[in-house]
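Residues per chain are reported as follows:
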Amino acid sequence: LLRSVDMWLPPALLGAADTELHLLLRNTGGLPLSWSVRYPTEMELQIEHWADVGEPTAAELKQHMIVDKGIISVAPKRGELAVGGSVRVSVRLRHVRADDYELPLLLQVASGKQLVLNVHGRTLAPGEAYAHTPIRDVALPHTPLGLPEPVRATYELPNYSDVPLPWSLDCAELDALTARNFDFKVLSCEADSGVVPPGGVARIPLLFHPLEARTYSAVVALAVGAAARGAADQPDGLGAAGGSGGT
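Residues numbered from 1 in each chain as written. Predicted model: local features only at pLDDT ≥ 70, side-chain atom pairs only at ≥ 80, totals over all residues. Heavy atoms only, no water.

Visitor: I'd like a description of the overall build of the chain, backed by residues and values.
Guide: Along its length, the chain carries 2 helices and 17 strands. Across the chain, contacts joining residues at least 24 apart in sequence account for 73% of those joining residues at least 6 apart. (Helix = DSSP H or I, 4+ residues; strand = E, 2+ residues; numbered from the N terminus. Contact = heavy atoms within 4.5 Å.)

Visitor: How would you summarise helix H1 (residues 58-68) if you had to cite specific residues and measurements?
Guide: Residues three or four positions apart in an α-helix share a direction because the helix packs 3.6 residues into each turn. Those residues of H1 that fall on the buried side of the exposure criterion are Gln63, Met65, Ile66 and Val67. Looking at the buried residues of H1, the elements they touch are strand E5 (72-75) and strand E8 (99-109). Backbone geometry just downstream of H1 places glycine 70 in the positive-phi region, at approximately 65°. (Buried < 20%, exposed > 50% of the residue type's maximum accessible area, 1.4 Å probe, protein only.)

Visitor: Run through the pattern of salt bridges, naming residues and quoting values.
Guide: Within this structure, the stated rule accounts for 9 salt bridges. Arginine 92 serves as the salt-bridge partner of glutamate 20, at 3.2 Å between the closest nitrogen and oxygen. With glutamate 20 in strand E3 (residues 19-26) and arginine 92 in strand E7 (residues 86-93), this pair connects stretches of sequence that are 72 residues apart. Exposure remark for glutamate 20: the relative accessible area of 34% places this residue in the partly exposed category. (Salt bridge = Lys/Arg side-chain N within 4 Å of Asp/Glu carboxyl O.)

Visitor: Go over the packing of aromatic side chains, please, and point to the residues and values.
Guide: Evaluation of the coordinates by the stated rule reveals 1 aromatic pair. Positioned above the aromatic ring of tyrosine 216 is the side chain of arginine 214, whose terminal nitrogen or guanidinium carbon lies 4.1 Å from the ring centre. (Phe/Tyr/Trp six-rings, centres within 6.5 Å; stacked < 30°, edge-to-face > 60°. Lys NZ or Arg CZ within 6 Å of the ring centre and 35° of its normal.)

Visitor: For the sheet that holds strand E11 (residues 151-158), give the residues involved together with the corresponding values.
Guide: The strand order E11-E15-E13 describes an open sheet built from 3 strands, whose pairing is antiparallel. Because the sheet does not close on itself, it has two edges, and the strands there are E11 and strand E13 (187-189). If you compare each strand with its neighbour and ignore which way they point, the axes differ by 25° on average. (Pairing = 2+ DSSP bridges. Axes fitted to C-alpha atoms, helices over the stretch in contact; angles between N-to-C directions.)

Visitor: Requested: an account of the sheet that holds E7, with residues and values cited.
Guide: Strand order in the open sheet made by the 3 strands is E3-E7-E5, with antiparallel pairing throughout. Both edges of this open sheet fall to E3 and E5, since each of them pairs with a single strand only. In this sheet, neighbouring strand axes are inclined to one another by 20° on average, regardless of whether the strands run parallel or antiparallel. Here E3 runs beside E7; their pairing, made up of 8 bridges, is antiparallel. Its bridge partner being in E7, leucine 21 is matched across the sheet by valine 91.

Visitor: Before we move on, could you go through helix H2 (residues 172-180) and cite the residues and values that matter?
Guide: Every buried residue belonging to H2 is among Leu174, Leu177 and Thr178, and all of these are buried. Down the axis of H2, the sector holding all buried residues measures 100°, keeping them to one side. Facing away from the buried side of H2 by more than 90 degrees, the exposed set consists of Asp175, Ala179 and Arg180. In the stretch just after H2, phenylalanine 182 is the one whose phi turns positive, near 55°. (Arc of directions from axis to C-beta.)

Visitor: Before we move on, could you go through the environment of proline 166 and cite the residues and values that matter?
Guide: Here proline 166 lies in strand E12 (residues 165-170). Accessibility expressed as a relative area gives 17% for proline 166, which makes it buried. Taking C-alpha positions, proline 166 is 8.7 Å from proline 197, a pair spaced 31 residues apart along the chain.

Visitor: An account of the side chain of glutamine 108 is requested, with residue identities and associated values reported.
Guide: Mapped onto the elements of the fold, glutamine 108 is located in strand E8. At a separation of 2.4 Å, a polar atom in the side chain of glutamine 108 contacts the side chain of glutamine 114. Discounting residues that sit within four places of it in the chain, glutamine 108 has contacts with Ser34, Trp35, Ser36, Arg38, Lys113 and Gln114. (Polar contact = N/O pair within 3.5 Å; in protein donor to acceptor, adjacent residues only side chain to side chain.)

Visitor: So what's going on with the side chain of arginine 122? Residues and values would help.
Guide: When you line up the elements, arginine 122 lands in strand E9 (residues 114-124). A distance of 2.8 Å separates the side chain of arginine 122 from the side chain of aspartate 100, its partner in a polar contact. Side chain to side chain, arginine 122 and glutamate 128 meet in a polar contact 2.3 Å long. In this view, arginine 122 contacts Pro11, Ala12, Leu93, His95, Asp99, Asp100, Glu128 and Tyr130; residues no more than four positions away in its chain are not counted.

From the geometry alone we can't say anything about function, so treat these as descriptive.
This is the structure in structure tokens:
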């Protein structure tokens, strides 16, 4: 199987300016090279002439639509790189239709390695509440034992929509970890709910105060939606982990 890398473009409202992400390709080898990026609609499949490939799937039809309408595009798509040379490749998402988008791109080096870049993007409809959480694991810093105060880290939850975004955390695993450590808060969170204003960012504080030289971890469920209803429109799991190497 080809190695694949996920690329998450931050969402934006319908009609907003294009979202753009830049990749820097550099030739670290000892020979010049040719490279190219290909859309899934350009793949040259080696299929026997008699083979029945069947009807395209819904995902394949959507990929064709994304490419045909230029919703996700790449420039430049090919080039040459001298030894030590580099080039910046732009991946652009146009916000012309409210929807989720995913497009696999094949990055190839002539007579060399290949890599699949899975580009993910989203265009938000007016009034749509949405939490963009591509980073699900929070790695807390390596922390010595015996500190008088816990080490603090911050998880950022941006709101790209045009409506307030209520959020809440289910800290049951953190509470269970505290109970197993004689009611000492090894991993804790100072705020378990709030509202992110449109265009704002919630900075959720996470505290780490180890008792032993080991790795601690816990899963904290993040829910966004109508907090007044006590409902979660979009639950996600966040993993918090920290380690201590002793004093």
